[in-house]
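Structure assessment
Letter by letter, the chains look like this.
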Amino acid sequence: MNAQLHLIDHPLIQHKLSLMRCKDTSTKNFRQLAREISALLAYELTRDMPTQTVRIETPLEAMDARMIDGKKIVLASILRAGNGLLEGMLDILPSARVGHIGLYRNPGTLEAVEYYFKMPQDMAERDVIVLDPMLATGNSAAAAVERLKACRPRSIRFVCLLTCPEGIARFHQQHPEVPIFTPAIDRGLDEHGYIVPGLGDAGDRLFGTQ
Ligand SMILES: O=P(O)(O)OC[C@H]1O[C@H](OP(=O)(O)OP(=O)(O)O)[C@H](O)[C@@H]1O
Ligand SMILES: O=c1cc[nH]c(=O)[nH]1
Ligand SMILES: [Mg+2]
């Protein structure tokens with residue numbers, strides 16, 4: 001398997017993702033499941049983050065204790081659907097900074113169209129986790145990461161709930177060094193660029209807009 005592809009095969013995540021896929025899952029439950037899965041994903045995503053030793057005082061004595069190294073992590077949400085992963089990530093990383101990348105997919109061309117971009121300061125000292133539940137053609141994620149690279153962050157990781165071979169290939173063709181973390185790699189894309197079997201339109205299901 002591609003060294004920059006991390007399949008997160010945890011039973012709890014798989015169970016919750018299966019519930020999200022069900023077409024009769026309500027907006028409320030879909031949103032709650034996205035939050036729960038993203039908290040579990042945050043745990044896996046940060047597994048290899050560098051730590052530094054900091055001198056602290058316990059009630060009994062001084063010690064050299066480990067803490068996450070560097071400036072606060074940036075969670076970069078690809079709007080809109082990326083926001084569905086934000087709350088769960090913030091439950092685990094409550095001090096993280098949050099950036100927003102506004103993109104929508106032109107339904108005719110399937111190309112990404114940017115409408116907003118805002119990141120914190122001092123990106124050179126920060127690790128970024130890019131959030132989007134769906135990596136389908138890969139055009140949105142590739143465009144978002146291209147834009148982020150101009151800010152020169154210390155590192156970039158991409159996390160989604162679902163992808164497919166086409167999305168992985170497209171993304172890694174442009175950004176081979178950026179790791180993808182995903183709980184599932186589905187069969188492929190349909191004629192409208194939707195992941196199959198998939199879970200449908202993530203943004204519409206999260207926000208009840210369909
Ligand atoms: O890999 P791609 O083929 O680019 O497709 C994936 C993109 O499509 C969805 O967003 P959408 O454009 O529907 O916008 P939304 O999040 O505002 O609903 C999804 O959240 C991704 O951003
Ligand atoms: O399957 C897909 C593809 C793109 N965007 C979605 O929300 N779902
Ligand atoms: Mg989008």
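All values derive from a computational prediction rather than experimental measurement. (Residues numbered from 1 in each chain as written. Chains lettered and ligands numbered in written order. Predicted model: local features only at pLDDT ≥ 70, side-chain atom pairs only at ≥ 80, totals over all residues. Heavy atoms only, no water.)

**Concerning the packing of helix 4 (residues 139-149) against helix 5 (residues 165-174)**
- Viewed as axis vectors pointing N to C, helix 4 and helix 5 meet at an angle of 20°, and their least axial separation amounts to 9 Å. Taken as axis vectors, helix 4 and helix 5 run roughly parallel relative to one another. The two elements helix 4 and helix 5 meet at a crossing, and its hand is right-handed. Counted together, Asn139, Ala141, Ala142, Val145, Glu146 and Lys149 of helix 4 and Arg170, Phe171 and Gln174 of helix 5 form the full contact between these two elements.
- Considered class by class, the residues forming the contact of helix 4 with helix 5 number 4 nonpolar, 2 polar and 3 charged. (Axes fitted to C-alpha atoms, helices over the stretch in contact; angles between N-to-C directions. Helix = DSSP H or I, 4+ residues; strand = E, 2+ residues; numbered from the N terminus. Parallel < 35°, antiparallel > 145°, perpendicular 65-115°, else oblique. Left-handed = near helix turned anticlockwise from the far one by under 90°. Contact = heavy atoms within 4.5 Å. Nonpolar A, V, L, I, M, F, W, Y, C, P; charged D, E, K, R; others polar.)

**Some remarks on helix 2 (residues 27-45)**
- Its 19 residues place the ends of helix 2 26 Å apart at the C-alpha level, agreeing with the 27 Å of an ideal helix rising 1.5 Å per residue.
- Taken together, the buried positions of helix 2 are Phe30, Leu33, Ala34, Ile37, Ser38, Ala39, Leu41, Ala42 and Leu45.
- Contact partners of the buried residues in helix 2: helix 1 (11-21), helix 3 (86-92), strand 7 (127-131), strand 9 (155-159), strand 11 (180-182) and helix 6 (202-207). (Expected span 1.5 Å × (residues − 1). Buried < 20%, exposed > 50% of the residue type's maximum accessible area, 1.4 Å probe, protein only.)

**What to know about the UniProt feature "domain: Phosphoribosyltransferase" (unreviewed entry) in the protein chain**
- Residues given the UniProt feature "domain: Phosphoribosyltransferase" (unreviewed entry) here are residues 8-209.
- Overall, residues 8-209 shows 32% helix and 28% strand. The separation of its end C-alpha atoms is 29 Å. (UniProt positions renumbered as here; feature names shortened; annotations may be inferred.)

**Focus: the state of the cysteines**
- The tally for this structure, following the rule as stated, stands at 0 disulfides.
- Between Cys22, a free cysteine, and Cys160, which holds the nearest cysteine sulfur, the sulfur-to-sulfur gap is 19 Å.
- Looking at the unpaired Cys164, the closest cysteine sulfur is the one in Cys160, lying at 9.3 Å.
- Judged by relative accessible area, which is 0%, Cys164 ranks as buried. (Disulfide = S-S within 2.5 Å.)

**Structural notes on the packing of aromatic side chains**
- Scanning the entire structure with this criterion turns up 2 aromatic pairs.
- Relative to Phe171, the ring of Phe158 lies with its centre 5.4 Å away and its plane at 35°, an arrangement referred to as tilted. Here Phe158 is found in strand 9, whereas its partner Phe171 is found in helix 5, with 13 residues between them in sequence. With respect to class, Phe158 is no different from Phe171; both count as buried. (Phe/Tyr/Trp six-rings, centres within 6.5 Å; stacked < 30°, edge-to-face > 60°.)

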